[in-house]
Structures are given as structure tokens and as C-alpha cells.
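Structural characterization, general
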Amino acid sequence: MDKINVVVTALVAALLCIVSLAVLIQVLVRFVLTALNVNISAPWTEELARYTLIWMVFLGAAVGVRHARMIALEFGVRKLPAHTGVPIRFAVMILCISFFGLLFLTGVDFIELGKSETSPVLGITKDKVYWAMPVSMVLMILNSLALIAETLIEGRDIRFASDFAPED
């Protein structure tokens, strides 16, 4: 799973570059060129940035799940004794996996809807955008299972999983 996450992280970095470039072009067209009395528009930059950002966020969140780097209220579970806190944390992980499964199914429904919708400027069917949700949910489920397996195999306390995350 970690090898897949390396590829996904590189993809997220590439998507960030695309978003940044699209927004930069939009700012240049909208403000700099307008100030120079050059009135052109680049509506494709807004759609490209939006759709790329959607993919970037979903894929980035999937990688964040691997090392428990998602926003969570951990302080309560960390303060509990291990015999109480660890089962609660595992229960929360199972609940999250169930939620990711539900979002996967919802994403599949959105894909079907997106096949009949076309983006106004880029002219692509929106199912290409909506694929971000089910793809990322599968990655989140796999990363959650990898986190659970890693903590069990290595005998670590899952309440402190984020403390063992590799440095970026």
C-alpha cells in the first residue's frame, strides 16, 4: 500500500502544480492583462482548477488516512487507559471504513449521473470528475486496513498511530 501511496502522492503534487498554474493564468488574464487594456478571458482555467482540485483533495485525503493524519479529536482517546482507548479507536476505524464504503457507493451513483452532464467550458463529461470519490474511497479503505494491520503486526498502540508516521 505504501508503494501505491508514493505514486498517489506524486500525482497529488502534479495536480497541485496544475491547479497553481491554472490559477496563475486566471489572475494574469483577469487582472494584469485587463490593467494593460487587453480584454481576453480564460474561462477554462476556472474549470480546470476546480476539477483538478477535487481530484487533488480526495487523493490527498486517501494518503492521509494511511498514517492517521486526518483531522480527529484524539486527545480524549489518548488520555484513556489502553484497555478502553484501543477498542474505541479500532471501533472508530471500522466505522470510518463503513463510511468510506457508503461514500464509494454514493460516488458510483454520481458517476452514472455525470455521464449525462457536460462541463460548460471544457466540454468533458462530469463522470471524469466524479470518479475522484469512488477511487479515493477505495484507497481510504485500503489505507485504513493497512493502518490497522500495521498496528496489530507491530504491536503498536493504534491511539498513537499518527506519532509513527514517516516524516515528509
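Just so we're clear, the structure is a prediction, and the values are computed from it rather than from any experiment. (Residues numbered from 1 in each chain as written. Predicted model: local features only at pLDDT ≥ 70, side-chain atom pairs only at ≥ 80, totals over all residues. Heavy atoms only, no water.)

For the rest of this paragraph, the subject is helix α2 (residues 43–66). The terminal C-alpha atoms of α2 lie 36 Å apart, and with 24 residues this matches the ideal 34 Å at 1.5 Å per residue to within 8%. Of all the residues in α2, the buried ones are T45, E47, A49, Y51, T52, M56, L59, A61, A62, G64, V65 and R66. Buried-residue contacts for α2 involve α1 (2–35), α4 (82–114), α5 (127–130) and α6 (132–154). Where α2 terminates, the next one or two residues include A68, which has phi positive at roughly 55 degrees. (Helix = DSSP H or I, 4+ residues; strand = E, 2+ residues; numbered from the N terminus. Expected span 1.5 Å × (residues − 1). Buried < 20%, exposed > 50% of the residue type's maximum accessible area, 1.4 Å probe, protein only. Contact = heavy atoms within 4.5 Å.)

A word on the nonpolar core. Counting 14 residues, the largest nonpolar core has V8, V12, L59, F100, M137, L139 and M140 as its most contacted members. Within the residue set of this core, elements represented by two or more residues are α1, α2, α4 and α6. Ranked by residue count, the leading element in this core is α2, at five residues. When residues no more than four places from it in sequence are discounted, the contact partners of V8 are L59, V63 and L139. (Core = buried A, V, L, I, M, F, W, Y, C linked by side-chain atoms within 4.5 Å.)

A cluster of nonpolar side chains, L21, V23, L24, V27, L28, F31, V32, L36, V38 and I40, forms an exposed patch at the surface whose accessible area comes to about 870 Å². Of note, L28 is situated in helix α1. (Patch = residues over 30% accessible without salt bridge, like charges linked within 9 Å, V, L, I, M, F, W, Y side chains within 5 Å. Areas by Shrake-Rupley, 256 points an atom, 1.4 Å probe, with all protein chains shown as cover. Salt bridge = Lys/Arg side-chain N within 4 Å of Asp/Glu carboxyl O.)

Applying the stated criterion to the full structure yields one aromatic pair. Pairing F110 with Y130 gives two aromatic rings, centres 5.6 Å apart and planes at 70 degrees, and the pair type is edge-to-face. Linking F110 in helix α4 with Y130 in helix α5, this pair joins segments that are 20 residues apart in sequence. When its relative accessible area of 37% is taken as the criterion, F110 is described as partly exposed. (Phe/Tyr/Trp six-rings, centres within 6.5 Å; stacked < 30°, edge-to-face > 60°.)

Here the focus is the confidence of the model for the protein chain. Per-residue confidence for the protein chain gives a mean pLDDT of 90, with 95% of residues at or over 70. By mean pLDDT, helix α3 (residues 75–79) is the weakest element of the protein chain at 74, and α5 is the strongest at 96. (pLDDT = per-residue confidence, 0-100.)

Positionally, S136 belongs in helix α6. A polar contact is formed between the side chain of S136 and the backbone nitrogen of L59, at a distance of 3.5 Å. The contact partners of S136, leaving out residues within four places of it in the chain, are F58, L59 and A62. (Polar contact = N/O pair within 3.5 Å; in protein donor to acceptor, adjacent residues only side chain to side chain.)

A full pass over the atoms with the stated rule returns five salt bridges. Between E46 and R50 there is a salt bridge; the shortest N-O distance is 2.9 Å. In this pair, E46 and R50 both sit in helix α2, four residues apart, roughly one turn of the helix. Residue E46 is classed as partly exposed on the basis of its relative accessible area of 42%. Judged by its relative accessible area of 39%, R50 is partly exposed.

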